[in-house]
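Spelled out from the first residue to the last, the chains are:
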Amino acid sequence: MRIYFLSRTHAMLRLNGAYAGKVDMFERRVELNINKGVFVEMIPDKNLQPINFFLNREFLNDPPAFAEVYLTDGGALICAREFFSKDPHRQTLAKILFMNREASVFRQGDVYFAWGDKSPVPLGEEFAKAQLFDRALCGRRILEVTGGKCRALFSESGNALFSGEAELDFGDRLRAKIPFETCAPLECDCEYLYDGERLKLVKSDVREKSEPPAKLLPFAFFESVLFRADFAKYLAPSALARADEIRDYLGEFTAVVPTTERFCLAHPNLPAAGLCYPKKENLYEVVYYALELENGGISNIYPVI
């Protein structure tokens, strides 16, 4: 079975105890017989804890929380989501008094947000150098946690409202500029109202910051559909009448990925991309869709079986 290994942190890969190279976000593959199980170890940089598991059918059908599995055409892609610190002690990274209770960001393996007696909320390594701010929004109070380009927001009762990369502006409403990691690239300008417990989206506009190269047309188009940008600009005149049907036709996919080497060998020069559909927690099925072009515009979309 063809297995692709990826990791968001640079790591060393060992298979059944033997060194098998390094892993990062560049796809590297290996042919494995998983019927008897292959013992996999990923040993990360920065003295973080390694992860290890037996790669077998059970793992691929029910992956643990530390990995994401994408089932592809005759193979699978396994991505290590995160690695934790080896230090078991709790280390407070930042704190502030919010609504007369202490709010803090601390590290204990992962990085967490804690407020009062509520259960800690995992934030991720992006918030390792966190700062906390008591903000005013729509005449209410809201807690902002910053970590580099990432932001996390919590309500007056400590409930999580938002987490991700964004530029935020507080006032009579929350104005957010949210970038997406897409080939175009896409950026969303959003506006929210706040009632003290939840954010209500009242305005959203997704736009391309630059024109993608022609060879990336399949990715640009499907990402535009996913993030509700102006995907009709990629359609041929003959397909514009059915533009409103495209989102229902493609269904609830959550990501767009490149085609595999095996796909390209079987379908040379076919403009296509893989759409990821959730099957269960941390498990996705990749379905490949191809495009038919008419004078540079998309005239038809169809699944490749």
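Residues numbered from 1 in each chain as written. Predicted model: local features only at pLDDT ≥ 70, side-chain atom pairs only at ≥ 80, totals over all residues. Heavy atoms only, no water.

Whenever I open this one, the overall build of the protein chain confuses me. Can you help?
Along the backbone of the protein chain there are 4 helices and 24 strands. Dimensions of the protein chain, computed from C-alpha atoms along their principal axes, come out at roughly 65 × 55 × 30 Å. For the protein chain, the residues scored as buried account for 45% of the 305 residues in total. Partitioning the contacts of the protein chain with sequence separation of at least 6, the portion at a separation of at least 24 is 44%. Put simply, the protein chain shows about 16500 Å² of open surface, and 49% of that area lies on carbon and sulfur atoms. (Helix = DSSP H or I, 4+ residues; strand = E, 2+ residues; numbered from the N terminus. Buried < 20%, exposed > 50% of the residue type's maximum accessible area, 1.4 Å probe, protein only. Contact = heavy atoms within 4.5 Å. Areas by Shrake-Rupley, 256 points an atom, 1.4 Å probe, with all protein chains shown as cover.)

Honestly, the nonpolar core in this entry has me stumped. Any pointers?
Grouped burial of nonpolar side chains is what soluble globular proteins tend to show. Of all hydrophobic cores here, the largest spans 25 residues; its most connected members are Phe5, Leu55, Leu60 and Ile78. Breaking this core down by element, the ones donating at least two residues are strand E1 (2-7), strand E2 (11-15), strand E5 (38-44), strand E6 (51-55), helix H1 (57-61), strand E7 (67-72) and strand E8 (75-80). Contacts of Leu60, omitting those with residues within four sequence positions, involve Met1, Ile34, Leu55, Val69, Leu71, Ala76, Ile78 and Leu283. One finds Leu250, Tyr277, Leu291 and Ile298 within the second-largest nonpolar core, a separate group that totals 22 residues. (Core = buried A, V, L, I, M, F, W, Y, C linked by side-chain atoms within 4.5 Å.)

Mind showing me how you'd approach the sheet that holds strand E15 (residues 150-154) here?
Hydrogen bonding along the main chain pairs the strands of a sheet, whether they run parallel or antiparallel. Strand order in the open sheet formed by 4 strands is E13-E14-E15-E16, and the pairing between neighbours is antiparallel. Unpaired on one side and paired on the other, strand E13 (131-137) and strand E16 (160-165) mark the two borders of the sheet. Between one strand axis and the next, the sheet turns through 20° on average, direction left out of account. (Pairing = 2+ DSSP bridges. Axes fitted to C-alpha atoms, helices over the stretch in contact; angles between N-to-C directions.)

Where do I start with the pairing of strand E3 (residues 18-23) in this structure?
Here E2 runs beside E3; their pairing, made up of 4 bridges, is antiparallel. From the neighbouring strand, Ala11 faces E3, where its bridge partner is Val23. In this structure, the hairpin formed by E2 and E3 is closed by a connection of 2 residues, where Asn16 is found at a positive phi of approximately 50°.

Is there a simple way to think about the environment of Arg173 in this case?
Structurally, the position occupied by Arg173 is in the loop between strand E17 (167-169) and strand E18 (174-179). The class for Arg173 is partly exposed, based on a relative accessible area of 24%. In this structure, the C-alpha to C-alpha distance between Arg173 and Tyr192, residues 19 residues apart in sequence, is 5.7 Å. Once residues within four sequence positions are removed from consideration, Arg173 is found in contact with Leu137, Cys138, Glu191, Tyr192, Leu193 and Val202.

Honestly, unusual backbone geometry in this entry has me stumped. Any pointers?
Residues other than glycine predominantly adopt negative phi, and peptide bonds predominantly adopt the trans conformation. Residues Ala184 and Pro185 are joined by a peptide bond in cis, for which omega reads -10°. Among the secondary structure elements, Pro185 is positioned in the loop between E18 and strand E19 (186-194). Of note, Asn47 is a non-glycine position whose phi angle comes to about 55°, a positive value. Classification of Asn47 by relative accessible area gives exposed; the value is 56%. Despite not being glycine, Met99 has its phi angle at roughly 55°, a positive value. Note on placement: Met99 falls in the loop between strand E9 (91-98) and strand E10 (101-108). Assessed through its relative accessible area of 28%, Met99 is described here as partly exposed.

In this structure, what is going on with empty space enclosed by the protein? I would like to understand it.
It is the rolling of a water-molecule-sized probe over the atoms that shows where space remains empty. In the structure shown here, the tally under the stated rule is 1 cavity of 30 Å³ or more. Of the volumes computed, that of the largest cavity is approximately 30 Å³. Lining the largest cavity are Arg2, Tyr4, Thr72, Asp73, Gly74, Gly75, Thr260 and Arg262. Its residues assigned to classes, the lining of the largest cavity shows 1 nonpolar, 4 polar and 3 charged. (1 Å grid on protein atoms, 1.4 Å probe; cavity = no way out; pocket = protein on both sides within 12 Å on 5 of 7 lines; lining within 4 Å. Points joined across faces, edges and corners; volume = space filled by probe spheres on them. Nonpolar A, V, L, I, M, F, W, Y, C, P; charged D, E, K, R; others polar.)

How do you make sense of the sheet that holds strand E20 (residues 199-208) when you look at a structure like this?
Spatially, E17-E18-E19-E20 is the arrangement adopted by the 4 strands of the open sheet, whose pairing is antiparallel. Of all the strands in the sheet, just E17 and E20 have a single pairing partner and so form its edges. Between one strand and the next, the sheet's axes are offset by a mean angle of 15°, whatever the strand orientation. Across 6 bridges, E18 lies against E19 in antiparallel orientation. The residue of E19 that forms the bridge with Pro179 is Glu187.

Got a minute to help me understand the layout of surface pockets in this structure?
Counted as a void, the largest pocket has a volume near 2000 Å³. Residue lining of the largest pocket: 50 residues in total, with Arg8, Met25, Glu68, Glu126 and Glu181 positioned closest to the centre. Contributing elements (two or more residues each) for the lining of the largest pocket: E1, E7, E8, E16, E18, helix H2 (217-226), strand E21 (255-257) and strand E23 (283-294). Across the lining of the largest pocket, the residue classes tally to 27 nonpolar, 10 polar and 13 charged. There is about 260 Å³ of room inside the second largest pocket. Taken together, Leu235, Ser238, Ala239, Arg242, Glu245, Ile246, Tyr249, Ile298, Ser299, Asn300 and Ile301 form the lining of the second largest pocket. At the level of elements, helix H3 (246-250) and strand E24 (297-303) are the ones that each hand at least two residues to the lining of the second largest pocket. The greatest single-element share of the lining of the second largest pocket, amounting to 4 residues, is contributed by E24. Taken together, the residues of the lining of the second largest pocket break down into 6 nonpolar, 3 polar and 2 charged.

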